[in-house]
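Descriptive analysis of the structure
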Amino acid sequence: MCAKKLEFPAPVLLTTTDDVAQICAKLRQEPYVTIDTEFVREKTYWPELCLVQLGGIEDVVLIDTLAPGLDLTPLSELLDAPDCIKVFHAARQDLEIFLHLFDRLPRSMFDTQVAAMVAGFGDQVGYDSLVGSITGKAIDKAHRFSDWSARPLTPAQIAYAAADVTYLRIVYESLHSQLKKEGRLRWADAEQAVLTEEKTFRPDPRRLWEKLKARTSNRRMLGVLREVAAWREGAAQEANIPRQRLIRDESLLEIAAIRPTDTDALSRVRGVTRGFAEGRMGAGLLDAVRIGLDLPDTDLPKPSSKSDKARPSSALVAMLRVLLAAKCEEHGVAPKLVATADDLDRIAIGEKEVSPLKGWRKEVFGIDALALVNGEIALAVVEGRVVLRPVGGESFSELASGQGV
């Protein structure tokens, strides 16, 4: 914990392209820069970027992205700089914004939320909690739900926004030092790799139907659902409307079930108005239904049914869960980062192509998980802690006294 008084440069609000270009050129020469964004999204599909905060060695700046005539090209050049690490906390929404804005992701990134999970701070720890744990300072989150599109920004808003990149420098240096000392930087790099892939932020529209979890084995219904879900995604993006505001999931599921082919039938679906059904959106939706109806049987999606899978022993899964907790406690890493409930089910039925059986996760948990499934080790409690023992040879008295491996 940092006990000394923390002093940061006074934040500067930038509203001109020249000022943005000057600071971005300077920050490109630094080893790392901390970054955060403020945006609004309630009424749009794409986030409306309102503010970009940058923290450097000597500078804390807030770029007013709503300033008239502002060109953000210098910011894109900073994000492209390979030798300057871009430090975020919980980067996904920030990265989605930059990908949409510049059509590419920043280079050389570090996400302190991911790093904190690797370092043992728990699952998806919040920024304010992480700052408190590392620096002992409390951050005022009263402006978390501010309307960042309103101008002028208040002094309190500016102070709040600046805190998101000033304390982040201390958090980054502390986590980086800890992970380097413990030899876990490669763990963090492996976890952050997904943030460098555009497909993480641009999912295949024709796979979105799977998230709707239709409870049916009717492949024709699933085929229509796939087409209408893909249509909604494209239409929502084009109109810049949240997908649920355009048409809700429940309505898509009903459309896939009843398969309307005209405006009258479409207008009778819950949540679909007559005006929507008779308009351009309704016509596009009906076209998607027809595409689904015309698909050959061989092109229809197959339902994902758990009944088709081998059922793992609930007792074995429970033992794997205990093992996971014990190993993560031993290594000081968040269990959620190592294995999911589905991962444990798959390991229990003997699957090998599972994330916990690869890379650093295998070192922490996978090797012992396979040994437990194969009956090579057992779990025991010694002095209030779960420990592992090889199967065969030890007596109960030896286990109880903590003898053996």
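Before any of the text, the structure's been laid out above.
In this report, the structure presented in the accompanying data block is examined. Everything numeric here is computed off the predicted structure, so don't read it as measured data.

**Remarks on the environment of Leu344**
- Take Leu344: it is sitting in helix α16 (residues 341–348).
- Through-space distance from the C-alpha of Leu344 to that of Tyr32 is 38 Å; in sequence the pair is 312 residues apart.
- With residues near it in sequence (within four places) discarded, Leu344 still touches Val317, Leu320, Arg321, Leu324, Ala339 and Phe365.

**Looking at the environment of Pro47**
- With respect to the element layout, Pro47 can be found in the loop between β2 (32–40) and β3 (48–55).
- Accessibility expressed as a relative area gives 12% for Pro47, which makes it buried.
- Considered as a pair, Pro47 and Ile255 are 208 residues apart in the sequence and their alpha carbons are 29 Å apart.
- With sequence-adjacent residues up to four places away left out, Pro47 is seen in contact with Phe39, Val40, Arg41 and Ile97.

**Notes on the nonpolar core**
- Counting 47 residues, the largest nonpolar core has Leu175, Leu320, Val338 and Phe365 as the members making the most contacts within it.
- Counting only elements with at least two residues in this core, the list comes to α4 (112–118), α5 (127–135), α6 (155–181), α7 (185–192), α14 (314–331), α15 (335–338), α16 and α17 (359–373).
- Among the elements that make up this core, the one with the highest residue count is α6 (7 residues).
- Look past the residues within four positions of Val338 in its chain and what remains in contact with it is Leu324, Cys328, Val333, Pro356, Trp360, Arg361 and Phe365.

**Focus: the packing of aromatic side chains**
- Applying the stated criterion to the full structure yields 8 aromatic pairs.
- With centroids separated by 4.6 Å and ring planes inclined at 50°, the aromatic side chains of Tyr32 and Tyr172 adopt a geometry described as tilted. In this pair, Tyr32 sits in strand β2 while Tyr172 sits in helix α6, placing the two residues 140 residues apart along the sequence. Tyr172 carries the same exposure label as Tyr32, and that label is buried.
- Pairing Tyr45 with Trp46 gives two aromatic rings, centres 4.8 Å apart and planes at 75°, and the pair type is edge-to-face.

**Quick notes on the pairing of strand β7 (residues 377–382)**
- In this sheet, strand β8 (residues 385–390) lies alongside β7 in antiparallel orientation, the contact comprising 6 bridges. The partner of Leu379 across the bridge, within β8, is Leu388.
- Counting the residues that bridge the hairpin from β7 to β8 gives 2 residues, and of these Glu383 lies at a positive phi of roughly 55°.

Cut-offs used in this document
- Residues numbered from 1 in each chain as written.
- Predicted model: local features only at pLDDT ≥ 70, side-chain atom pairs only at ≥ 80, totals over all residues.
- Heavy atoms only, no water.
- Helix = DSSP H or I, 4+ residues; strand = E, 2+ residues; numbered from the N terminus.
- Contact = heavy atoms within 4.5 Å.
- Buried < 20%, exposed > 50% of the residue type's maximum accessible area, 1.4 Å probe, protein only.
- Core = buried A, V, L, I, M, F, W, Y, C linked by side-chain atoms within 4.5 Å.
- Phe/Tyr/Trp six-rings, centres within 6.5 Å; stacked < 30°, edge-to-face > 60°.
- Pairing = 2+ DSSP bridges.

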